[in-house]
Amino acid sequence: MGLPTDDAVVIQKGKKPGEPYVITVNCPDKTGLGCDISYTILDFGLYIIKGDGIWCYVILWVVPHASSPMVRWANLKERLLSVCPSCSVSFYLNQTSPPATSSPAYLLTFCSRDRRGLLHDVTQVLCELELTIQRVKVTTTPDGRVLDLFFITDNLELLHTKERQDETYKQLHAVLGQSFSCELQLAGPQYDNLQCVSSLSPSVAEELFRCELSDNEFCTQALSPVMMNLKRASVTIDNSMSPAHTLLQIGCVDHKGFLYDIMRTLKDCNIQIAYGRFSPVNKGQKELDLFIRQKDGKKIVDPDKQDVFCSRLKVEMLHPLRVIITNRGPDTELLVANPVELSGKGRPRVFYDVTLAMKTLGICIFSAEIGRHCTSDRVWEVYRFLLDENCRFDMLCRNQIVDKVRRTLMGW
């Protein structure tokens, strides 16, 4: 198989300071290409303000999020090239591609004196180095020290080299000083043991994975009045505009990962996109037009299929992340969950955003873990955080925490 040519991805800087970067992707098409592109852009902390695309030619205007670490544009180009299908003749003949190999997981063991914001500071360093946190186990000892186990993969595939490992140690020391110790090694069997989160009680699982947000102010997932706009969305289907494709029109309040949430849903439903366009936000709303068809090349004409498809899209746009706060024995626990793609990928930068929200609120995280949880219809990635045991969180404080975490995750 050939590799995508270097000019398959072009990134142009804005002509004036503050103007968006323009990303152009021109490569062979595949089902889910839009999802893979938008996932990568979200993973680099970028916000897509508008876009245009037909078949395999995509143009996106992007700007960094205010909370994002520095963007390594050259690395972004390499990552985007890696999701582009091959440009070789064999691709067009539909020959089987070699199976993709997963990146090896490494264990970063980190020990330090605890302080507010420490977990986010470590997470930010890892994000800037393009080291993806796959699993984490964070514990605080009675004498005020933290022992963190980060299971990470390297997007640059270089963590086996001494130079890359030295760069990681150097960056951690530059940000955190000398008052810590860390060790990096290939992950062993303990990585497999952390694939699943510790069991959730039936009542917690029911609240965390419910489809609808509650209007009840005493519910831990209740929306604040300002955020009630989140519940407004429109999804319509029109088969009269094209003889070969279904027109899908989407309107929803803008949020971080807006395009990714739509693209991952279409990818999981095996929907192919022929053309798409969305414009900058207008009065807080983002509108997207897509000409689509099913994998068999047919339009979506069955009314029942249309209803199921539109309902699922609404849920994924209105409720892409679940956030609750509850009791875990005598402790207070924050839980965040997001659906996992059928390909096995979870949503990027969730751990980064949650730890940023906790640092902003001045709340220490006593322990944390990331794992997977299966419900009847899908797999979820679940983040569990035990909060500072020295604090007492009343209902008002709990709702403020949920509100802040959700705002940070959604980019509001």
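Up top you'll find the structure we're talking about.
None of these values were measured; they are calculated from a predicted model.

(A) Quick look at the overall build of the protein. Within the protein one finds 11 helices and 16 strands. Long-range pairs, those at least 24 residues apart, make up 70% of the contacts in the protein with a sequence separation of at least 6. Accessible surface for the protein amounts to roughly 19400 Å². Of this, 54% is attributable to carbon and sulfur atoms.

(B) Unusual backbone geometry, seen in detail. Here the phi dihedral of Glu157 falls at roughly 60 degrees; this positive angle occurs in a residue that is not glycine. Glu157 gets classed as partly exposed once you look at its relative accessible area, which sits at 42%. The phi angle at Asn270 is positive, at roughly 55 degrees, despite the residue not being glycine. Relative to the helices and strands, Asn270 resides in the loop between helix 8 (258-268) and strand 11 (271-278).

(C) Region of the structure containing helix 8. Helix 8 sits mainly inside the fold: 11 of its 11 residues count as buried. All of the buried residues along helix 8 are Phe258, Leu259, Tyr260, Asp261, Ile262, Met263, Arg264, Thr265, Leu266, Lys267 and Asp268. Note on helix 8: the residue one or two positions beyond its end, Asn270, has a positive phi of about 55 degrees.

(D) Local environment of the sheet that holds strand 13 (residues 322-328). Across the sheet, which stays open at both edges, the eight strands sit in the order 8-5-7-6-15-16-14-13 with antiparallel pairing between neighbours. Each edge of the open sheet carries a strand with a single partner, namely strand 8 (180-186) and strand 13. Direction aside, the axes of adjacent strands within the sheet are offset by 25 degrees on average. Across the sheet, helix 10 (residues 350-361) lies against strand 6 (131-140), strand 7 (145-154), strand 14 (331-339), strand 15 (365-374) and strand 16 (379-387), angled at about 25 degrees from strand 16, the strand it touches most.

(E) Looking closely at the environment of Leu266. With respect to the helices, strands and loops of the structure, Leu266 is situated in helix 8. Under the relative-accessibility criterion, Leu266 is labelled buried at 1%. Excluding anything up to four places from it in sequence, Leu266 contacts Leu248, Ile271, Ile273, Leu290 and Phe309.

(F) The pairing of strand 16, seen in detail. Among the nine residues that make up strand 16, eight are buried, leaving the element largely enclosed by the rest of the structure. Summarising the sheet, strand 14 and strand 16 pair through seven bridges and their orientation is antiparallel. Note on strand 16: the bridge partner recorded for Glu333 is Leu386. Bridge count for strand 15 against strand 16 is nine bridges, and the pairing is antiparallel. Counterpart to Ser367 in the pairing with strand 16 is Leu386. The turn linking strand 15 back onto strand 16 is made up of four residues.

(G) Inspection of the pairing of strand 15 at higher detail. The element strand 15 is largely enclosed, with a buried count of eight among its 10 residues. Pairing between strand 6 and strand 15: two bridges, direction antiparallel. Paired with Val138 across the bridge in strand 15 is Ala368.

(H) Up close: the packing of helix 10 against helix 11 (residues 395-410). One way to put it is that helix 10 packs onto helix 11 with a least axis distance of 9 Å and a crossing angle of 135 degrees. On the basis of the axis angle, helix 10 is oblique to helix 11. Note on packing geometry: the crossing formed by helix 10 with helix 11 is right-handed. For the pair helix 10 and helix 11, the contacting residues are Val350, Asp353, Val354, Leu356, Ala357, Met358, Thr360 and Leu361 in the first and Ile401, Lys404, Val405, Thr408 and Leu409 in the second. Residues of the contact of helix 10 with helix 11, tallied by class, amount to nine nonpolar, two polar and two charged.

(I) Quick peek at the packing of aromatic side chains. In the structure shown here, the tally under the stated rule is eight aromatic pairs. Consider the rings of Tyr21 and Trp73, whose centres lie 3.7 Å apart with planes at 10 degrees: the pair is stacked. Of this pair, Tyr21 sits in strand 2 (residues 21-26) while Trp73 sits in helix 2 (residues 73-83), and the two are 52 residues apart along the sequence. Each member of the pair, Tyr21 together with Trp73, is buried. Between Phe258 and Phe278, the aromatic rings sit 6.5 Å apart at their centres with planes inclined by 65 degrees, giving edge-to-face as the arrangement. Of this pair, Phe258 sits in helix 8 while Phe278 sits in strand 11, and the two are 20 residues apart along the sequence. For the pair Phe258 and Phe278, one class covers both residues: buried. One aromatic cluster is present, built from ring pairs that chain together Phe351, Tyr383 and Phe385. Between the NZ or CZ atom of Lys345 and the centre of the ring of Tyr39, over which it lies, the distance is 4.1 Å. The cationic tip of Arg378 hangs over the ring face of Trp380; the distance from NZ or CZ to the ring centre is 5.3 Å.

Definitions and limits used
Residues numbered from 1 in each chain as written. Predicted model: local features only at pLDDT ≥ 70, side-chain atom pairs only at ≥ 80, totals over all residues. Heavy atoms only, no water. Helix = DSSP H or I, 4+ residues; strand = E, 2+ residues; numbered from the N terminus. Contact = heavy atoms within 4.5 Å. Areas by Shrake-Rupley, 256 points an atom, 1.4 Å probe, with all protein chains shown as cover. Buried < 20%, exposed > 50% of the residue type's maximum accessible area, 1.4 Å probe, protein only. Pairing = 2+ DSSP bridges. Axes fitted to C-alpha atoms, helices over the stretch in contact; angles between N-to-C directions. Parallel < 35°, antiparallel > 145°, perpendicular 65-115°, else oblique. Left-handed = near helix turned anticlockwise from the far one by under 90°. Nonpolar A, V, L, I, M, F, W, Y, C, P; charged D, E, K, R; others polar. Phe/Tyr/Trp six-rings, centres within 6.5 Å; stacked < 30°, edge-to-face > 60°. Lys NZ or Arg CZ within 6 Å of the ring centre and 35° of its normal.

So yeah, pure geometry; function would need other evidence.
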